[in-house]
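# Residue-level structural notes
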Amino acid sequence: MSTAASDPRESSPVGPIEQSIRAKLTELLRPSQLEITNDSWQHRHHAPMRAAGGGNGETHFSVHVVSGQFQGKNTMQRHRMIYAALSDEFAAGLHALSLKTKAPTEVQPAAQT
Amino acid sequence: MFGTALRTSFTALRAPLRVPATALASPSLAFTRRYISQDARAKIQQAVSSTPVVLFMKGTPDAPQCGFSRAAVQVLDIHGVPAEKMKTFDVLADSELRQSIKEFSDWPTIPQLYVNGEFVGGCDILLSMHQSGELDDLLVKSGVIPPEEPESSNQTQN
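Definitions and limits used
Residues numbered from 1 in each chain as written. Chains lettered and ligands numbered in written order. Predicted model: local features only at pLDDT ≥ 70, side-chain atom pairs only at ≥ 80, totals over all residues. Helix = DSSP H or I, 4+ residues; strand = E, 2+ residues; numbered from the N terminus. Buried ≥ 20, exposed ≤ 12 C-beta atoms within 10 Å, placed from the backbone. Contact = placed C-beta atoms within 7 Å. Pairing = 2+ DSSP bridges. Axes fitted to C-alpha atoms, helices over the stretch in contact; angles between N-to-C directions. Core = buried A, V, L, I, M, F, W, Y, C linked by C-beta atoms within 7 Å. Nonpolar A, V, L, I, M, F, W, Y, C, P; charged D, E, K, R; others polar. Parallel < 35°, antiparallel > 145°, perpendicular 65-115°, else oblique.

Within chain A, the regular secondary structure consists of five helices and three strands. Evaluated residue by residue, chain A yields a buried proportion of 31% over its 113 residues.

Along chain B, the regular secondary structure elements total seven helices and four strands. Shown N-terminal to C-terminal, the secondary structure of chain B runs as helices and strands in the order α-α-α-β-α-β-α-β-β-α-α. Burial analysis of chain B (158 residues in total) assigns 35% to the buried set. Long-range contacts, defined here as pairs at least 24 residues apart, represent 61% of the contacts in chain B between residues at least 6 apart.

All names here are of chain A. A sheet is described by the order of its strands in space; here three strands give the open sequence β1-β2-β3, paired in mixed fashion. One side of each edge strand has no neighbouring strand; the edge strands of this open sheet are β1 (33-38) and β3 (96-102). Mean inter-strand twist for the sheet, computed between neighbouring axes without regard to direction, equals 10°. In this sheet, strand β2 (residues 60-66) lies alongside β1 in antiparallel orientation, the contact comprising six bridges. Bridged to Asn38 within β2 is Phe61. Its contacts with the sheet place helix α2 (residues 16-29) against β1 and β2, and it is angled at close to 160° to β1.

All names here are of chain B. Counting residues in hydrophobic clusters, the biggest one holds 49 residues, and the most contacted among them are Leu55 and Ala72. In terms of residue count, strand β1 (residues 53-57) provides more of this core than any other element does, five residues in total. Once residues lying within four places of it in the same chain are set aside, the contact partners of Ala72 are Leu55, Met57, Pro111, Leu113, Cys123 and Leu126.

Listed per partner, the contact involves 13 residues of chain B and twelve residues of chain A. When residues of the side of chain B that touches chain A are assigned to their parent elements, the largest contribution, three residues, is made by helix α6 (residues 123-132) of chain B. For the side of chain B that touches chain A, the residue count by class is six nonpolar, five polar and two charged.

Residue and element names in this part refer to chain B. Here we have four strands laid out as an open sheet, ordered β2-β1-β3-β4, and mixed in their pairing. The open sheet terminates on both sides in strands that have one partner only, identified here as β2 (86-90) and β4 (118-121). In this sheet, neighbouring strand axes are inclined to one another by 25° on average, regardless of whether the strands run parallel or antiparallel. Sheet topology places strand β3 (residues 112-115) next to β4; three bridges connect them, and they run antiparallel. Its bridge partner being in β4, Tyr114 is matched across the sheet by Phe119.

What follows concerns helix α5 (residues 95-105) of chain B. Along α5 of chain B, the residues classified as buried are Leu97, Ser100, Ile101, Lys102, Phe104 and Ser105 of chain B. Residues of α5 of chain B that are buried in the fold lie against α3 (38-50), β1, β2, β3 and β4 of chain B.

We now examine the packing of α3 of chain B against α5 of chain B. Residues and elements named next belong to chain B. Between α3 and α5, the shortest axis-to-axis distance is 10 Å and the interhelical angle comes to 80°. Taken together, the axes of α3 and α5 lie roughly perpendicular to each other. In this structure, α3 uses Ala40, Arg41 and Ile44 to contact α5, whose residues at the interface are Glu96, Ser100, Ile101 and Phe104. By residue class, the composition of the contact of α3 with α5 is four nonpolar, one polar and two charged.

What follows is the structure, given as structure tokens:
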């Protein structure tokens with residue numbers, strides 16, 4: 001569960017799936033904060049990724065998003081909104097997302113980072 | 001949107017565990033779950049209704065094949081979910097289930113947790129409910145585990 005020591009975005013270029021995730025979530029959620037981290041390298045040896053030849057390098061992402069659209073919705077509903085918006089990406093090889101979904105009122109003013 | 005329709009339909013299914021299979025074939029469900037066969041849907045409905053806690057995962061609790069499935073098993077273990085109240089299904093051992101469960105739940109990833117026939121969520125939701133205490137509340141309310149807090153109003157012993 002620990003996060004990578006270095007930000008993979010600094011060393012690897014942003015791929016088409018990540019760009020597409022960002023575009024779709026930005027349009028859907030009008031987020032006040034949206035962080036997308038490509039964690040695919042951590043899952044290269046995971047059985048389904050091996051079956052897919054190691055995956056395409058865009059199979060696993062962490063998404064941290066703050067949006068007013070989440071107000072009044074529970075976590076499952078928030079995740080479903082995102083999954084529904086990204087069905088094309090799932091069909092194109094996206095395998096799993098680690099989601100942190102917050103409404104603006106749930107974010108601590110002194111939140112780290 | 002399909003998600004909304006499905007969620008509504010699904011909520012209606014949560015309590016009546018003895019719903020006859022024909023009642024599951026409402027037109028809205030047939031439409032939203034268009035990819036999954038009647039037979040597959042009936043089997044999953046039977047599965048999620050058969051035991052209070054049902055986890056669809058990759059691998060088995062003793063040999064999980066994915067870190068997210070492992071985490072889900074560990075969280076349920078921490079909460080002391082008794083073995084007789086829990087059943088896991090290995091989607092890697094059943095390719096039809098692996099596809100149909102995603103349609104059934106309207107959820108694209110594994111693991112997936114059901115409690116008393118109701119979809120709870122995947123790994124992230126399970127972990128955050130564990131941290132917030134909601135998971136414990138849900139498991140107690142669902143009669144899966146006895147109340148833990150001694151100050152809780154009734155001191156039921158199970």
